[in-house]
Structures are given as C-alpha cells and as structure tokens.
Amino acid sequence: MATVTAAAHKTFGRGFSNERQTVKLVYNFTNDAGAFADVVKVGTTDGKILVLDSAVHVETACTSGGSATVIVGVAGGDTDAFMDTTSGAVANLADDFVNQETTGQGIVLASGAAIHLDIGTADLTAGKINVILSYVNID
C-alpha cells in the first residue's frame, strides 16, 4: 500500500467569510497510477470548512483487470463519505456516472483534513474521477 499525492492535488478553504465556494479535486489514472491498495490524496483543507454539497463524477470510465473498487472520503475520518464501495465498484464507474452519498452532505472537515481516493480489490487500469465539493468556511 502506498500513499500517493495526486498530480492535480489542491489545497482549498480560507475564502471570504460566508462565501460559498466550490472545488474540483481530480484523480487521473494517467498521472496518478492505480495500484490495488493505493491511497491517492487529491486535496487538503486549509481551515475548518462545512461541506454543503458533494458529488463524485466519473469523467473517463474506470477499467480494471479484476473487480476494483474505489472509495472517496476523509483520511482518518469517514473514509467513504463521498463514495462507498457499492457505488465505487468498477462496473458502476462508467463515463459521466455521478454519485452523491448522504454522509458527504453537511459534513464538517477540520483544517488539514485530507481527501483520499482509495483503490481496493484490484488495480485500476484507466479512469478519471472528479470530486466536487461546495463549502463555506466555519472558522
């Protein structure tokens, strides 16, 4: 198992008070690989935030030599807040698949929280996934 920082990793937060902001965090197999048990850090919060809405969008279909799964969530917290293993089964990860988990709506993230995409069961061999978070600062 390796922890990899995505090539497109973003640090986000610290906007104007009461301003709703949106960030798109990107995992791209071409740049970030996709080995079984890899943890890909796609973003880190700078300041405490309240996620108002979240969605995971598959921009390019994911493929696998096996039955890979993908979960998306917060390291050391709710690791599948934005996508759980059922939704993240490779069979579901087709072009323009969109997923919203109930737990990823209205979730508070501490400053320094890392958003991870975890690859399980088998290697991914292609795919691009966007994690879109709409949030406000709360500190």
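To be clear, the structure that these remarks concern was listed above.
Counting starts from 1 at the beginning of each chain's written sequence and moves along it residue by residue. Reporting of local features is limited, given that this is a predicted model, to residues whose pLDDT is at least 70; pairs of side-chain atoms are given and counted only at 80 or more, and all residues count toward the totals for whole chains, interfaces and linings. Hydrogen atoms and water are omitted, and side-chain values are computed over all heavy atoms in the structure.

**Observations concerning the overall build of the protein**
Here is the rule: Numbering of helices and strands starts at the N terminus; helices are DSSP runs of H or I of at least 4 residues and strands are runs of E of at least 2. The globule rule used here is 2.2 Å times the number of residues to the 0.38 power, and the radius of gyration it is set against is calculated over C-alpha atoms. Exposure is judged per residue with a 1.4 Å probe applied to protein chains only, and the accessible area is read against the type maximum: over 50% gives exposed, under 20% gives buried, and values in between give partly exposed. Here, two residues are considered to be in contact whenever any of their heavy atoms come within 4.5 Å of each other. In short, Shrake-Rupley with a 1.4 Å probe defines the accessible areas, and a residue's cover is counted only from the protein chains shown. Asp and Glu are treated as the negative residues and Lys and Arg as the positive ones, with His and the ends of the chain left uncounted. In plain terms, the charge of a residue is placed at NZ if it is Lys, CZ if Arg, CG if Asp and CD if Glu.
A count of helices and strands for the protein gives one helix and nine strands. Scanning the protein from its N terminus toward the C terminus, one meets helices and strands in the order β-β-α-β-β-β-β-β-β-β. On C-alpha atoms alone, the protein measures out to a radius of gyration of 14 Å, which is about the 14 Å that the 2.2 N^0.38 rule sets for 139 residues. Across its three principal axes, the protein shows a C-alpha extent of roughly 45 × 25 × 20 Å. Considering the protein as a whole, with its 139 residues, one finds that 47% of them fall into the buried category. Long-range pairs, those at least 24 residues apart, make up 80% of the contacts in the protein with a sequence separation of at least 6. A total accessible area of about 6,200 Å² is found for the protein, and carbon and sulfur atoms account for 51% of it. For the protein, the distance from the average position of its 7 positive side-chain charges to the average position of its 15 negative side-chain charges is 10 Å.

**Thoughts on the sheet that holds strand β1 (residues 3-12)**
Stated precisely, the cut-off is as follows: Pairing between two strands requires that DSSP report at least two bridges joining them. Simply put, an axis is a line fit to the C-alpha atoms, just over the touching stretch for a helix, and the angle between two N-to-C directions goes from 0 to 180 degrees.
Strand order in this open sheet of four strands is β1-β3-β8-β5, and the pairing throughout is mixed. This sheet does not close on itself; its edge strands, each paired only once, are β1 and β5 (69-74). Between one strand axis and the next, the sheet turns through 15 degrees on average, direction left out of account. Pairing between β1 and strand β3 (residues 39-45): six bridges, direction parallel. Within β3, the position partnered with Thr11 by the bridge is Thr44.

**Here we look at the nonpolar core**
Heads up, the rule is: The definition of a nonpolar core used throughout is a set of buried Ala, Val, Leu, Ile, Met, Phe, Trp, Tyr and Cys residues joined through side-chain atoms within 4.5 Å.
Counting 33 residues, the largest nonpolar core has Phe82, Ile115 and Leu133 as its most contacted members. Broken down by secondary-structure element, the contributors of at least two residues to this core are β1, β2 (21-28), β3, β4 (49-64), β5, β7 (107-109), β8 (114-120) and β9 (124-137). With sequence-adjacent residues up to four places away left out, Ile115 is seen in contact with Phe12, Leu25, Val40, Lys41, Val42, Gly43, Val72, Gly73, Val74, Phe82, Leu109 and Leu133.

**As for the pattern of salt bridges**
Convention followed: One side-chain nitrogen of Lys or Arg within 4 Å of one carboxyl oxygen of Asp or Glu is enough to make a salt bridge.
In the structure shown here, the tally under the stated rule is four salt bridges. In this structure, Arg14 engages Asp46 in a salt bridge whose closest nitrogen and oxygen atoms are separated by 3.3 Å. Of this pair, Arg14 sits in the loop between β1 and β2 while Asp46 sits in the loop between β3 and β4; the two residues are 32 residues apart in sequence, bridging distant segments of the chain. Three or more residues are tied together by salt bridges with common partners; here these are Arg14, Asp46 and Asp139.

**Thoughts on the environment of Gly65**
On the secondary structure map, Gly65 appears in the loop between β4 and β5. Overall, Gly65 belongs to the exposed group, its relative accessible area being 79%. Beyond its immediate stretch of four places on either side in the chain, Gly65 contacts Asp123 and Thr125.

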